[in-house]
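Geometric and topological summary
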Amino acid sequence: MNPKSYHFIEWCLAALLTMMILINIGWGIFRYGGTYYYMKITRPTGTYPITLPVNVSATGYQYQGLATNSKDEKRTIRFQTVAADPAPFKRGQIVRITYNQRYGVTNYKLVHARP
């Protein structure tokens, strides 16, 4: 093979790698991105069993309430804790919830004060 064909193959591989990285970033934004809503915790609305990675059973908690985004739009949101963070929230705590139009609640995080 001559040197020009090596450069062409290298260029194609670099273009393919760049394209795959951009597709991966786009998929992450499409699947896990969304609007942040802030909800004040009152009390759990239910519980359900969670199996932790070490085959230990734990209790997960469900919450439902009125959440507000940065534009003061309100939405009733229902979410449940996951195995990575199954502990219950305390009354009065504020949770930032990522809400995706297609997939619903994709993430939640405890915050100390509403920004």
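Below you will find a few notes about this structure. (Residues numbered from 1 in each chain as written. Predicted model: local features only at pLDDT ≥ 70, side-chain atom pairs only at ≥ 80, totals over all residues. Heavy atoms only, no water.)

Here the focus is the pairing of strand β6 (residues 104-111). It is a general feature of regular strands that their side chains alternate between the two faces of the sheet. Where strand β5 (residues 94-100) lies against β6, 7 bridges are found, and the strand directions are antiparallel. If you follow Tyr99 over to β6, its bridge partner there is Val105. Hairpin connection of β5 to β6: 3 residues between the antiparallel strands. (Pairing = 2+ DSSP bridges. Helix = DSSP H or I, 4+ residues; strand = E, 2+ residues; numbered from the N terminus.)

Once that is clear, we can look at the nonpolar core. Met39, Ile41, Tyr63, Phe79, Phe89, Val95 and Ile97 are the most contacted members of the largest nonpolar core, which totals 13 residues. For this core, the elements supplying multiple residues, two or more each, are β1 (35-40), β3 (57-68), β4 (74-80) and β5. Setting aside anything within four residues of it in sequence, one finds Phe89 in contact with Ile41, Tyr63, Phe79, Thr81, Val95, Tyr108 and Leu110. (Core = buried A, V, L, I, M, F, W, Y, C linked by side-chain atoms within 4.5 Å. Buried < 20%, exposed > 50% of the residue type's maximum accessible area, 1.4 Å probe, protein only. Contact = heavy atoms within 4.5 Å.)

This next bit is on the side chain of Asn69. By the secondary structure assignment, Asn69 is in the loop between β3 and β4. For Asn69, the side chain forms a polar contact with the side chain of Glu73, separated by 2.9 Å. (Polar contact = N/O pair within 3.5 Å; in protein donor to acceptor, adjacent residues only side chain to side chain.)

Another aspect to go through is the environment of Ala14. Among the secondary structure elements, Ala14 is positioned in helix α1 (residues 3-32). Each C-alpha atom of the pair Ala14 and Ser57 lies 46 Å from the other, and the pair is 43 residues apart in sequence.

So, on to unusual backbone geometry. For residues that are not glycine, phi is negative in most cases, and the peptide bond is trans in most cases. For Asn55, which is not glycine, the phi torsion reads 60 degrees and is therefore positive. With respect to the helices and strands, Asn55 occurs in the loop between β2 (46-51) and β3. Judged by its relative accessible area of 69%, Asn55 is exposed. Notably, Asp72 is not glycine yet its phi reads approximately 60 degrees, a positive angle. Relative to the assigned elements, Asp72 resides in the loop between β3 and β4.

What follows covers the side chain of Gln62. Locating Gln62 in the fold gives a position in strand β3. Using a relative accessible area of 15% as the deciding quantity, one classes Gln62 as buried. Reaching out from Gln62, the side chain makes a polar contact with the side chain of Arg78 at a distance of 3.0 Å. In terms of polar contacts, Gln62 uses its side chain to reach the side chain of Gln80, at 3.2 Å. Discounting chain neighbours no more than four positions away, the residues touching Gln62 are Pro44, Thr45, Gly46, Tyr48, Arg78, Phe79 and Gln80.

What follows covers the packing of aromatic side chains. Scanning all chains against the criterion turns up 8 aromatic pairs. By way of ring pairs, the aromatic residues Tyr63, Phe79, Phe89 and Tyr108 are connected into one cluster. In this structure, Arg96 packs its charged tip against the face of Tyr36, placed 4.1 Å from the ring centre. (Phe/Tyr/Trp six-rings, centres within 6.5 Å; stacked < 30°, edge-to-face > 60°. Lys NZ or Arg CZ within 6 Å of the ring centre and 35° of its normal.)

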